[in-house]
Amino acid sequence: MKRAPGRGWPSTVIGVVLLALMLFPVYWMVNASLQPAGTTLRGGWFPLPPDLSGYVTALRDQGRNLVTSLVVALGSVALSLGLAAPAAYALARFRLRGTNVLLFGILITQMVPGIVVANALYSAYNDLGLLNSYLGLILADSTAGVPFAIIILRSFMQSIPREIIEAARVDGAGGLRVFRSVVLPLSTNALITAGVFTFLFAWSDFLFALTLTTTQAVRPITLGIYQYIGAHTNQWNAIMATAVLASVPAAVLLVIAQRHVAAGATGGDIK
């Protein structure tokens, strides 16, 4: 049955309105970042002429925090995938006793409130000297990245036809060679998906940053913005410019990896 002409326009209008409502905060953030200092609440709908002084101030005050977040997020991705990939392969391919119990435990870890983990880590970090360190934040953020990556990667690796792995073994490849040269290349979409979400977990983390850092030596951008607001309430253009700069890496990453994320999230078909 053919749809009558014009019958779907109400849904289109509703979709456009909802999209505009969701994107309005982003538009206002960019607009406010280009306004002169102290005029955000009285600024117009368009920053004419645009004022870049907010970005100059943001880069001067928050540039180091942006670099800190980037180092922590990339470190968390590397650690999470390095641990999750072999674990997921073992859970997907080997008949291990207690696999279901282990998977249930991994799921349970995703339900533990972050403040509970942060408080427990603070005591341990204080004894180990990991407070105010890149390694400490990377390990903390990986507590969320590793379980999620295992779930994503295991689901994908289970879909790899066993015949491909058996063919590699017939050709003389050992277990490690099969994992490195066959399984990982076939799991590219799942690896990118897990890596992207792990990066976003670490990049947007505030709780661990607030709990496990007490000095300015290692301060992620989320904590920098939080403390920036209290110190510069008359410089909203700089605050919004910092927010824009903090949003750019995540947005760029999602745009670049969206095709792989879509394939990885749906399991991916191996032909």
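As the structure is a computational prediction, the values presented were derived from the model and not from experiment. (Residues numbered from 1 in each chain as written. Predicted model: local features only at pLDDT ≥ 70, side-chain atom pairs only at ≥ 80, totals over all residues. Heavy atoms only, no water.)

Peer 1: What exactly am I supposed to notice about the overall build of the protein chain here?
Peer 2: Secondary structure assignment for the protein chain yields eleven helices and zero strands. Element order for the protein chain, N to C, with α for helix and β for strand: α-α-α-α-α-α-α-α-α-α-α. Counting the 271 residues in the protein chain, one finds 40% classified as buried. Look at the contacts in the protein chain between residues 6 or more apart in sequence, and 75% of them connect residues 24 or more apart. Of the roughly 15500 Å² of accessible surface on the protein chain, a fraction of 68% belongs to carbon and sulfur atoms. (Helix = DSSP H or I, 4+ residues; strand = E, 2+ residues; numbered from the N terminus. Buried < 20%, exposed > 50% of the residue type's maximum accessible area, 1.4 Å probe, protein only. Contact = heavy atoms within 4.5 Å. Areas by Shrake-Rupley, 256 points an atom, 1.4 Å probe, with all protein chains shown as cover.)

Peer 1: Is there a simple way to think about a nonpolar patch on the surface in this case?
Peer 2: A cluster of nonpolar residues, Trp9, Val13, Ile14, Val17, Leu18, Leu19, Leu21, Met22, Leu23, Val26 and Val30, forms a patch on the protein surface that exposes about 1100 Å² of accessible area. Within the element layout of this structure, Val17 appears in helix α1 (residues 9–33). In this structure Val17 comes out as partly exposed when scored by relative accessible area, which is 43%. (Patch = residues over 30% accessible without salt bridge, like charges linked within 9 Å, V, L, I, M, F, W, Y side chains within 5 Å. Salt bridge = Lys/Arg side-chain N within 4 Å of Asp/Glu carboxyl O.)

Peer 1: Please explain the pattern of salt bridges as it appears in this structure.
Peer 2: Where charged atoms of side chains with opposite charge meet at close range, the side chains can pair. This model, assessed by the stated rule, comprises one salt bridge. Taking the shortest distance from any N to any O, the salt bridge between Asp61 and Arg60 comes out at 3.1 Å.

Peer 1: Any chance you could explain the packing of helix α4 (residues 114–128) against helix α5 (residues 134–157) here in plain terms?
Peer 2: Two packed helices can be described by the angle between their axes and the distance between those axes. Packing of α4 against α5 leaves a shortest axis separation of 11 Å and a crossing angle of 150°. With respect to α5, the axis of α4 lies roughly antiparallel. Like other packed secondary-structure pairs, α4 and α5 cross with a definite hand, here right-handed. In this structure, α4 uses Val117, Leu121 and Tyr125 to contact α5, whose residues at the interface are Gly136, Leu139, Ala140 and Thr143. Here the contact of α4 with α5 is composed, by residue class, of five nonpolar, two polar and no charged. (Axes fitted to C-alpha atoms, helices over the stretch in contact; angles between N-to-C directions. Parallel < 35°, antiparallel > 145°, perpendicular 65-115°, else oblique. Left-handed = near helix turned anticlockwise from the far one by under 90°. Nonpolar A, V, L, I, M, F, W, Y, C, P; charged D, E, K, R; others polar.)

Peer 1: Which parts of the structure should I look at to understand helix α7 (residues 175–186)?
Peer 2: Note: α-helices contain 3.6 residues per turn, so residues at a spacing of three or four share the same orientation. In this model, α7 (twelve residues) spans 15 Å end to end at C-alpha, consistent with the 16 Å of a helix rising 1.5 Å per residue. When we look at burial in α7, the residues that qualify are Val178, Phe179, Val182 and Val183. Buried residues of α7, seen end-on, are gathered within an arc of 125° and therefore sit on one face of the element. Contact partners of the buried residues in α7: α2 (53–93), α5 and α6 (162–170). (Expected span 1.5 Å × (residues − 1). Arc of directions from axis to C-beta.)

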